[in-house]
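So the chains spell out like this:
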Amino acid sequence: MPEPYPISAGPLTPAAFAARFRESSRVLWCVAAGIVGNRSQAEDILQEAAMRALTKLGTFDPESSFVAWMSQFVRYIALNDRRKHDRREQVLRQGIAPQSERGTQAPLRLDPFDAHVTRALQTLGETARTCLLLKTVLEMDYAEIAEQLDIPAGTAMSHVSRARSKMRGLLEEPAPVLQPRGAS
Amino acid sequence: MTEHDDTAQAAIEAALRRQFSPPDLDALSDRIAAAAMAAEAEAPAELGTAVPAAANGAPRHEFAVVVAVAAALVVMLAWPRGDRPSRVPAPRDRPAVAAGPTPPTPPSLPGTTSHQVAGQQLDDFLRTADYAPGSPQDCRVHDPLLDDSAVGGGTPTLVESEDKRLVWECGGETGIDCADHDLPAKRMMIVRLLASQTDVIVCIEPPGADPRPELPSDSEFNIFRRPLGDYVLYEVTPLAQPLALPHVTI
């Protein structure tokens, strides 16, 4: 249950930030997952983004969307994380495993169909991906998505429609992957 | 859409829901709330007045919040992280901190905290073995094996045993100030574990002197923390578990 927080026209206080974060955490998690394209890093990135945002409360415009504002931090952290990951990959390709890589968990094994869907999802643009996840996973309506992401409702609808179509197209071939799990 | 499209769409959406349903985020929200509380406590005057960022004093406000959030982050990283096996960026991957979090001390500089500096010093000292005989830091107490380390009577003492040997010591009653060797401890020992011929650092911090060292992210060592009475003990070791700390008693 979200805790009440003071609504004021001024900048966020840390307590108000924490309350709004709690209230929006599921949406923000989906935004993070949409930006990074997978769920494994979403929580870590969201935490880091929240910590960063907490030091920049003065940049929040009370007239704008909290989720949209937080998304900027999520995007920044996610991009940094991706760069770090790319550098690690480069080092690993050279056969030199950095010590910080020791002991990391094995990659998650996905159902083949799910893995295919994830790959297709990653071909979408960031906003389209986020819109699709908010619509599909959190079952938000277009007005809510628009409000959260600070975009027009028509744009949200268009993103979702095109994302669905593109996903279907990508998953048409090879045909067998379109068999949902458990289908005979 | 055709029936085939409908089927495909349903399958895709089911897959998305399976993979992207948010986990329970209460623990994360709690951690953020704790960090926010720390930020509030750090700068209550500034925060209470809700000064716009561009106004005078905003940088001071932001700096105070940055400091508080950095301190809170130290606490957060030491907390258990719920039920998922997660990516563990340093210093989370330290098996350190046997006990719960303690109140953080403020960092000395923005960007590089005093904890990180302390951790770097310990890491350097153990890695380079500067305490080895003949080294620039060779100022060890040349007493033979400890049967009781230099401090007794209500202060932590490393219990003697045949499987470990005191190699070097500063602070306590040695008359050697650890700070003279850029070591962030009031009292510090190098203990050699004879079975593995491994040297480990044991730090004994009296009440109010906890430097909360954080090892560098690329360190080959692990750091363990153990409160003992009003004291805080640390062990820096290349091993996966502390073998000296359990033998320190009051």
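The model shown is predicted, which means the values in this text are computed figures rather than measured ones.

Let's talk about helix H7 (residues 153-172) of chain A
Residues and elements named next belong to chain A.
Alright, step 1. The end-to-end C-alpha separation of H7 is 29 Å, in line with the 28 Å expected for 20 residues at 1.5 Å each.
Alright, step 2. Listed as buried for H7 are Ala156, His159, Val160, Ala163, Met167, Arg168 and Leu171. The buried residues of H7 occupy one face: seen down the axis, they fall within an arc of 155 degrees.

Observations concerning the state of the cysteines
All names here are of chain B.
Alright, step 1. Counted under the stated rule, the structure contains one disulfide over all chains.
Alright, step 2. Between Cys170 and Cys178 runs a disulfide, and the two sulfur atoms are separated by 2.2 Å. Note on the Cys170 and Cys178 pair: the S-S dihedral is about 105 degrees, so by sign convention the disulfide is right-handed. Take Cys170 and Cys178: they sit in the same class, and that class is buried.

A word on the side chain of Glu235(B)
All names here are of chain B.
Alright, step 1. Following the sequence through the fold, Glu235 ends up in strand S6 (residues 231-237).
Alright, step 2. Put simply, Glu235 is tucked away with no salt bridge, and the nearest opposite charge, on Arg226, sits 8.3 Å away.
Alright, step 3. When sequence neighbours within four positions are dropped, the list of residues in contact with Glu235 reads Val200, Ile201, Asn222, Ile223, Phe224, Gln241, Pro242, Leu243, Ala244 and Leu245.

Digging into the packing of aromatic side chains
Residue and element names in this part refer to chain A.
Alright, step 1. Summed over the entire model, instances satisfying the criterion amount to eight aromatic pairs over all chains.
Alright, step 2. Plain terms: the ring middles of Phe17 and Trp69 are 6.2 Å apart, the flat faces sit at 85 degrees to each other, and that makes the pair edge-to-face. Linking Phe17 in helix H1 (residues 14-36) with Trp69 in helix H3 (residues 66-93), this pair joins segments that are 52 residues apart in sequence.
Alright, step 3. On the basis of relative accessibility, which here comes to 0%, the residue Phe17 falls in the buried class.
Alright, step 4. Each residue in the set Phe17, Phe21, Phe60, Phe66, Trp69 and Phe73 is aromatic and connected to the rest through ring pairs, giving one cluster.
Alright, step 5. The ring of Tyr142 carries Lys135 above its face, with NZ or CZ at 4.4 Å from the centroid.

Considerations on the packing of helix H5 (residues 126-136) of chain A against H7(A)
Residue and element names in this part refer to chain A.
Alright, step 1. Direction vectors running N to C along H5 and H7 enclose 90 degrees, while the axes themselves pass 8 Å from each other. As the angle between them shows, H5 and H7 are arranged roughly perpendicular. Along the contact surface, H5 presents Thr127, Ala128, Cys131, Leu132 and Lys135, while H7 presents Ala156, His159, Val160, Ala163, Arg164 and Met167.
Alright, step 2. The residue makeup of the contact of H5 with H7, split by class, is seven nonpolar, two polar and two charged.

Let's talk about the confidence of the model for chain B
Residue and element names in this part refer to chain B.
Alright, step 1. Summing up the model confidence of chain B, the mean pLDDT is 69 and the portion of residues at 70 or higher is 61%.
Alright, step 2. Counted against residues more than four places away or in other chains, residues 44-60, with its pLDDT under 50, gives 16 contacts.
Alright, step 3. This stretch, residues 138-153, has a pLDDT under 50; its non-local contacts, to residues over four places away or in other chains, come to 39 contacts.
Alright, step 4. Both scores are given for the predicted complex: the pTM is 0.48, the ipTM 0.76.

Rules of the game
- Residues numbered from 1 in each chain as written.
- Chains lettered and ligands numbered in written order.
- Predicted model: local features only at pLDDT ≥ 70, side-chain atom pairs only at ≥ 80, totals over all residues.
- Heavy atoms only, no water.
- Helix = DSSP H or I, 4+ residues; strand = E, 2+ residues; numbered from the N terminus.
- Expected span 1.5 Å × (residues − 1).
- Buried < 20%, exposed > 50% of the residue type's maximum accessible area, 1.4 Å probe, protein only.
- Arc of directions from axis to C-beta.
- Disulfide = S-S within 2.5 Å.
- Lys, Arg positive; Asp, Glu negative; His and termini not counted.
- Salt bridge = Lys/Arg side-chain N within 4 Å of Asp/Glu carboxyl O.
- Contact = heavy atoms within 4.5 Å.
- Phe/Tyr/Trp six-rings, centres within 6.5 Å; stacked < 30°, edge-to-face > 60°.
- Lys NZ or Arg CZ within 6 Å of the ring centre and 35° of its normal.
- Axes fitted to C-alpha atoms, helices over the stretch in contact; angles between N-to-C directions.
- Parallel < 35°, antiparallel > 145°, perpendicular 65-115°, else oblique.
- Nonpolar A, V, L, I, M, F, W, Y, C, P; charged D, E, K, R; others polar.
- pLDDT = per-residue confidence, 0-100.

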